[in-house]
Amino acid sequence: MADEDREMGVELGELADKLDEHDYPASSDDLVEEYGDYEIEYSNGSERFEEVIGPLNETYESADGVRQSILNMADSEAVGRQRYSDRGGTEQSSPEDDPDQQSF
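What comes next concerns the included structure.

Reading the values: the criteria
- Residues numbered from 1 in each chain as written.
- Predicted model: local features only at pLDDT ≥ 70, side-chain atom pairs only at ≥ 80, totals over all residues.
- Heavy atoms only, no water.
- Buried < 20%, exposed > 50% of the residue type's maximum accessible area, 1.4 Å probe, protein only.
- Helix = DSSP H or I, 4+ residues; strand = E, 2+ residues; numbered from the N terminus.
- Pairing = 2+ DSSP bridges.
- Salt bridge = Lys/Arg side-chain N within 4 Å of Asp/Glu carboxyl O.
- Arc of directions from axis to C-beta.
- Contact = heavy atoms within 4.5 Å.
- Polar contact = N/O pair within 3.5 Å; in protein donor to acceptor, adjacent residues only side chain to side chain.
- Core = buried A, V, L, I, M, F, W, Y, C linked by side-chain atoms within 4.5 Å.

## Examining the pairing of strand 4 (residues 39–42)
- Only one face of strand 4 is buried: it carries I40 and Y42, and the other face, with E39 and E41, is open.
- Two strands pair when backbone bridges link them, and strand 4 and strand 5 (residues 45–48) are joined in this way by four bridges, in the antiparallel orientation. Residue pairing for strand 5: E41 is matched across the bridge by S46.
- Between strand 4 and strand 5, which pair antiparallel in sequence order, lie two residues.

## Structural notes on the pattern of salt bridges
- The final tally for this structure, using the stated rule, is four salt bridges.
- A salt bridge links D20 to R67, with the shortest nitrogen-to-oxygen separation between them at 2.8 Å. Here D20, found in helix 1 (residues 14–21), pairs with R67, found in helix 4 (residues 63–73); they are 47 residues apart in sequence, far enough to count as distant.
- For D20, a relative accessible area of 47% corresponds to the partly exposed category.
- Taking the relative accessible area as the measure of exposure, R67 reaches 17% and is therefore buried.
- Residue R67 is joined to D64 by a salt bridge in which the shortest nitrogen-to-oxygen separation is 3.8 Å. Taken together, the residues R67 and D64, both in helix 4 and three residues apart, mark about one turn of the helix.
- What makes D64 exposed here is its relative accessible area of 58%.
- One connected set of salt bridges, linked through shared partners, spans D20, D64 and R67.

## A look at helix 1
- Of the positions making up helix 1, those classed as buried are L15, A16 and L19. One face of helix 1 carries all of its buried residues, which in axial projection span an arc of 105 degrees. Away from the buried face of helix 1 by more than 90 degrees, exposed residues E14 and E21 are located.
- Check the buried side of helix 1 and you find it contacts helix 2 (28–35), strand 4, helix 3 (49–53) and helix 4.

## Re the side chain of E11
- Looking at the element boundaries, E11 is found in strand 2 (residues 10–11).
- Judged by relative accessible area, E11 falls into the buried class, the value being 9%.
- At a separation of 2.8 Å, a polar atom in the side chain of E11 contacts the main-chain amide nitrogen of G13.

## So, the nonpolar core
- Residues L19, I40, F49 and I70 are the most contacted members of the largest nonpolar core, which totals 21 residues.
- In terms of residue count, the dominant contributor to this core is helix 4 (four residues).
- Other than its neighbours up to four places away in sequence, I40 contacts V10, E11, L12, L15, G45, S46, E47, F49, V52 and I70.

If you want it as structure tokens, here you go:
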């Protein structure tokens, strides 16, 4: 699986092509019936398409809408390290923690 095929920690594999070729509009129920057994791969595991989209009651106008729902609903394993920030420091602080810090 190539990195360029991975978006925000999510790899759709063959499902991406199937979604692109599908006729829209389509409900989440229709998509689950057709593609529910496809696996969505994460860095640390996978989840079936049905588990991600199944709880939704949506109608999609395009494959892009389905992809966005997948990214929104994807298991936390897709994110990688939880609470990681590359902005420096080791923990987040709030203005209440530092009385000299101003918020703009």
